[in-house]
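The lines below spell out each chain.
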Amino acid sequence: MTATHILLLIGAYFILLLLISYFTGKNDSNIDFFKAGKQSPWYLVAFGMVGASLSGVTFISVPGWVDASQFSYMQVVFGYFLGYLVTAYVLLPIYYKQNVTSIYEYLDDRFGFVSYKVGAVSFFVSRVLGASFRLFLVAIVLQQFVFDAWNVPFEITVTLSILLIWIYTFRGGIKTIVWTDTLQTLFMLISVGLSIYFILEELNWSFMDFMASEEFSKYSKTLFVDDFMDKNHLIKSFLGGMFVTICMTGLDQDMMQKNLTCKNLKEAQKNMVSFSVVLVFVTFVFMLLGALLFIYAEKFQIGIPLMDGKPKTDLLFPEIALNSGLGMTVAVTFMLGLIAAAYSSADSALTSLTTSFCVDFLGIDKKPENSKKKIRKATHIGMSLLLILVVVAFKHILDTNVIDGLLKVASYTYGPLLGLFAFGIFTKFKVKDNYVWIVAILSVSISYILGKLPPESIGGYVFGYELLPINGLITFVGLMIIRKK
C-alpha cells in the first residue's frame, strides 16, 4: 500500500466524519457541544466508548507490548472492570444528582474554590498528556509510512492531524463525537478481526491451532504471582488497574462527559456496565493479535521497525499490515482501524479540554449570552494548538512503550483527583480550602520520588501502577491533616 493510497483513504474517511458533523452540528449551540442536549441513547454511548477507551494506544501499543510483558496487561484490565462498577454505582449518581456540566464542579460545592481549581488543573494536565500520547502514536505511524516518503516534517504531520479533528468537532462537540465514536469503534473491531484472520491464514493455522501452539505459549502467561516485588505482580496490577479506571474514567471529564449525555442515571449506568464487559473481551483479542504479530514476524524474519535508530515495537503492527504482503484488505482495514482508534479518543479529548477550560477556568456560565459561543470557539482553537506543541515535544523525549508511559503519567497526575473525591465522598469533613493546592503538589512530588527509588534501596521492590492509589492515599491523609475541626 503506497503513501498515496493511505492519504486517499484518510481523505475519504474524514469526508465521512464531516458528513456526520454536518448533521449533528446544525444547531452549533453550547448545550449540544457540552451535553448533546442530554438525548444520547445509552447503547450508542457504550459502543462508542469502547473505541475511545481503547484508542490508538491499545490498537498499536498493546500488541507491541506482548513481547516484553506477555499477557500481564490483562491483570490490569481485570482491575479496570471493577473500577468501572465503582464509577457506575458510586460516582455517576453524584454527577447526575448535581446536574453538573464539568464534574469538578462537585469539588467546588464540597470543599471550595481552590479545591475545585486543583481538581480541574489535575484533569487538564492529565488529559493534555494522555491525549498527546494517543495522538503521538498515530502521528509516528503516518510519518513512518506516509509522510517520510514525501519528506514532510513530523511537525506538519501532527498539525494536519489535529486540524482535521478540529474541523469536524468545532460545531457539534460531544453531540458529534457520540456518533463518530460509534463509527470509529466499528472500524477498529473490523480491523483487528480481519488482521487476525489473515495472519492465521498465512500461517496455515486455525484459531484453535494457534491457541494450542508452542509458539503461543511463549507469550500467553497472564497471571504473575511468584514475586510480589515485581512490577507485574497480580495484586499490584489489579489494584493499579482498578484505580486507573476510577480516575481515568470516573474522575475524567472526557469520559464522563459522554455518560452525562444520557437521558438519565439508569441509562448511564447500563451504558457503563455493558461497556466494561465488552472492553475486557476486546482487550484480550488485542493481546491475541500481539502474540500473532510476534510469531508471524519471527517466522518470516520481519525485524522490529526503527525510529530514530531505535527498535520501536509500537510500529510492528503497521509494519506487518502495510509491508509484509498480507494483501490490500489487511492494509486498508488496518489504516481505517488506526485512524479510527486514534481519533476516537483524540476528538473527545479536544472537546472535553474545551469544555473543562470554558467551565472550570473561564466561568462561561457567568459570561454574557452573546459572547458564550465566541469563547467556546476561541478555546477550541487554543486547545488544538496546545496539543500540537505537546505531541511534537513527545517525539524528542519519549523513550518508553506508549501504553506503559500513559499509565505511568496517570499514576502521578490523577492522584490528587482520587484523594479529593474519595475524601469528599467517604468523609463529612470540610477542609481548609486555601491549603489544598499544597497537599496536591506534595502528594505528586512524594509519589514521583517513590517511583524513582532504585529497587535495591527498598529491598528489591519495584513500584508499578499501585503508585496511583498510593498517590491518592497521600492526598487523602494530607486533606485529613488540613481538615476543619
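Worth saying up front: this structure is predicted, and the values here are computed from it rather than measured.

**Q** Sorry if this is basic, but what is going on with empty space enclosed by the protein here?
**A** One simple way to see leftover space: roll a probe sized like a water molecule over the atoms. Taken as a whole, this structure holds 2 cavities of 30 Å³ or more when the rule is applied. Put simply, the second largest cavity is a space of about 40 Å³. What lines the second largest cavity is simply W65, S69, S72, Y73, V76, N232, S237 and Y465. Sorting the residues of the lining of the second largest cavity by element identifies α3 (42–69) and α4 (73–98) as the ones contributing at least two each. Classifying every residue of the lining of the second largest cavity gives 4 nonpolar, 4 polar and no charged.

**Q** I would appreciate a short explanation of the confidence of the model for the protein chain in the present structure.
**A** Low-pLDDT portions of the prediction should not be read for the details of their coordinates. The pLDDT averaged across the protein chain works out to 83; a share of 90% of its residues lies at or above 70. At the level of individual helices and strands, the protein chain shows its lowest average pLDDT in helix α2 (residues 30–35), which scores 61, and its highest in helix α20 (residues 467–481), which scores 94.

**Q** I tried to follow the nonpolar core on my own but got confused; where do I start?
**A** Soluble globular proteins tend to bury their nonpolar side chains together. In this structure, Y95, M335 and F421 are the most contacted members of the largest nonpolar core, which totals 146 residues. Per-element tally for this core: the top contributor is helix α13 (residues 265–299), with 18 residues. With residues near it in sequence (within four places) discarded, Y95 still touches V100, I103, G250, L251, M256, L260 and F421.

**Q** Quick question: what am I supposed to make of helix α14 (residues 316–323) here?
**A** Think of an α-helix as 3.6 residues a turn; residues three or four steps apart then line up on the same face. With 6 of its 8 residues buried, α14 lies for the most part within the structure. Residues of α14 that are buried include every one of L316, F317, P318, I320, A321 and L322, and no others. Downstream of α14 by a residue or two, G325 has a phi angle that is positive, lying close to 85°.

**Q** Looking at this structure, I do not really get the packing of aromatic side chains. What am I missing?
**A** Aromatic ring pairs are described here by two measures, namely the spacing of the ring centres and the angle between the planes. For the structure on display, the rule yields 27 aromatic pairs. Here the aromatic rings of F124 and F357 are separated by 5.8 Å at their centres, their planes lie at 45°, and the arrangement is tilted. Of this pair, F124 sits in helix α6 (residues 113–145) while F357 sits in helix α15 (residues 328–361), and the two are 233 residues apart along the sequence. With centroids separated by 5.1 Å and ring planes inclined at 65°, the aromatic side chains of F423 and F476 adopt a geometry described as edge-to-face.

**Q** So what exactly am I meant to see when it comes to the side chain of S276 here?
**A** Relative to the helices and strands, S276 is located in helix α13. Polar contacts involving the side chain of S276 include one to the main-chain carbonyl oxygen of V273, which spans 2.7 Å. S276 has contacts with F81 and Y84, leaving out every residue within four places of it along the chain.

Conventions and cut-offs
- Residues numbered from 1 in each chain as written.
- Predicted model: local features only at pLDDT ≥ 70, side-chain atom pairs only at ≥ 80, totals over all residues.
- Heavy atoms only, no water.
- 1 Å grid on protein atoms, 1.4 Å probe; cavity = no way out; pocket = protein on both sides within 12 Å on 5 of 7 lines; lining within 4 Å.
- Points joined across faces, edges and corners; volume = space filled by probe spheres on them.
- Helix = DSSP H or I, 4+ residues; strand = E, 2+ residues; numbered from the N terminus.
- Nonpolar A, V, L, I, M, F, W, Y, C, P; charged D, E, K, R; others polar.
- pLDDT = per-residue confidence, 0-100.
- Core = buried A, V, L, I, M, F, W, Y, C linked by side-chain atoms within 4.5 Å.
- Buried < 20%, exposed > 50% of the residue type's maximum accessible area, 1.4 Å probe, protein only.
- Contact = heavy atoms within 4.5 Å.
- Phe/Tyr/Trp six-rings, centres within 6.5 Å; stacked < 30°, edge-to-face > 60°.
- Polar contact = N/O pair within 3.5 Å; in protein donor to acceptor, adjacent residues only side chain to side chain.

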